[in-house]
Amino acid sequence: MAQRVRKAIFPVGGLGTRFLPATKAMPKEMLPIVDKPLIQYAVEEAAAAGIEEFIFVTGRNKHAIEDHFDRSFELEANLEQRGQGELLAAIRDCVPSDTRLAYTRQGQALGLGHAVWCARGLVGDEPFAVLLADDLIQSETPCLKQMIEAHAPLGGNLVATMEVARAHTPNYGVIAPGATRDRLIEVKGLVEKPKPDLAPSNLAVIGRYILQPEVFSHLDRQQVGAGGEIQLTDALASLIGAQPFYALRFAGRRFDCGSKIGFLEANLAFALERADLGTEFRRLLRQYADAGAR
Ligand code: G1P
């Protein structure tokens, strides 16, 4: 059995330029899907997978994230006074009480690999998860939980994967697949953002990883890869062969909330699932569809 995964890294230092001006003074991870910030979905997913220590790699303009996961006594007292118990629970239960939060800062936005490397001191010598809040996954069993269950008998490294259109491989880390068993695919190679004609497959890495601490010694070299950034994918590629390396085709629907269309679609999908909004929202959608058809 693999060593238990207790820690998760949330790289939240990105600039969020695609959502300007909304993200001028606010972290993109605080953009809400319906009424919950993206980062909270990621934190809840990790908590549901048994993660106990949450490590945020932040940057400038990210204080709102720290405040969000902190207690807000004034707000709590106010809601209590007004008898708004449900809202009170919603803001108190942002983070499970028996978890630990840590923040470290990525001074410069040098890439995902660099962001993960910034957390090396807080992770130490044990396996850990990485969750990218931009990748929002709607599923019955939380994606990271599916991965932890798949990882337990295997050990080594595991990434989440899904098929994408060939034309989209330049947006992703792409897997060279080996043997496949049910949802598990052996990873024989990894390439960051390949052109469609050079991509080894159309299996993209989605922002969920379970990694071994050895990856840090590769990241120590600070090698620059695709787009002039220090890429996590390159460090992972160097572990292939030395450690077990698999990809899990997770069950669920992924929304690319780093893009406007993906973000809008996520709002749609999550609103439709809500008991308090679904019916009214469906009615509105029909109204807009009818108006569009006229
Ligand atoms: C990052 C990773 C990439 C991965 C993607 C998933 O890219 O570098 O390998 O496929 O996340 O969303 P980014 O979206 O930061 O460009």
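Now for a look at the structure at hand. (Residues numbered from 1 in each chain as written. Predicted model: local features only at pLDDT ≥ 70, side-chain atom pairs only at ≥ 80, totals over all residues. Heavy atoms only, no water.)

### Quick word on the site of the ligand
- Among the 13 residues in the neighbourhood of the ligand, the closest are listed as Asp 135, Gly 173, Glu 192, Lys 193 and Val 205.
- Asp 135 places a side-chain nitrogen or oxygen 2.7 Å from an oxygen atom of the ligand.
- When the free accessible area of the ligand is taken as 380 Å², the share hidden by the protein chains comes to 76%.
- The element best represented in the shell around the ligand is strand β11 (residues 203–211), accounting for 3 residues.
- Within the shell around the ligand, the residues separate by chemical class into 5 nonpolar, 4 polar and 4 charged. (Near = heavy atom within 4 Å. Polar contact = N/O pair within 3.5 Å; in protein donor to acceptor, adjacent residues only side chain to side chain. Areas by Shrake-Rupley, 256 points an atom, 1.4 Å probe, with all protein chains shown as cover. Helix = DSSP H or I, 4+ residues; strand = E, 2+ residues; numbered from the N terminus. Nonpolar A, V, L, I, M, F, W, Y, C, P; charged D, E, K, R; others polar.)

### A closer look at the packing of helix α10 (residues 260–272) against helix α11 (residues 278–293)
- As a packed pair, α10 and α11 sit with axes 8 Å apart at the nearest point and diverge in direction by 130°. Considering their axes alone, α10 and α11 lie oblique with respect to each other. The segment α10 lies against α11, with Leu 268, Ala 271 and Leu 272 engaging Gly 278, Phe 281, Arg 282 and Leu 285. (Axes fitted to C-alpha atoms, helices over the stretch in contact; angles between N-to-C directions. Parallel < 35°, antiparallel > 145°, perpendicular 65-115°, else oblique. Contact = heavy atoms within 4.5 Å.)

### Here's the deal with unusual backbone geometry
- For the bond from Leu 20 to Pro 21, the omega torsion is 5°, close enough to zero to count as cis.
- At Val 34, a position not held by glycine, the phi torsion is positive, near 60°.
- As for its position among the elements, Val 34 is in the loop between β2 (32–33) and β3 (36–37).
- Positive phi is not limited to glycine here, since Lys 193 has a value of about 50°.

### Observations concerning the pairing of strand β6 (residues 128–131)
- Burial of β6 is two-sided: the residues Phe 128 and Val 130 facing one way and the residues Ala 129 and Leu 131 facing the other way are all buried.
- As judged from the 4 bridges shared by β6 and β11, these two strands associate in the antiparallel manner. Bridge pairing in β11 links Ala 129 to Ile 210. (Buried < 20%, exposed > 50% of the residue type's maximum accessible area, 1.4 Å probe, protein only. Pairing = 2+ DSSP bridges.)

### Here's the deal with α10
- Taking 1.5 Å of rise per residue, the 13 residues of α10 would be expected to cover 18 Å, and the 18 Å separating its terminal C-alpha atoms lies within 8% of that figure.
- Along α10, the residues classified as buried are Gly 262, Phe 263, Ala 266, Asn 267, Ala 269, Phe 270 and Ala 271.
- In the core, the buried residues of α10 are packed alongside β2, α1 (38–48), β7 (135–138), β13 (253–256) and α11. (Expected span 1.5 Å × (residues − 1).)

Everything listed here is a matter of geometry and, on its own, says nothing about what the molecule does.
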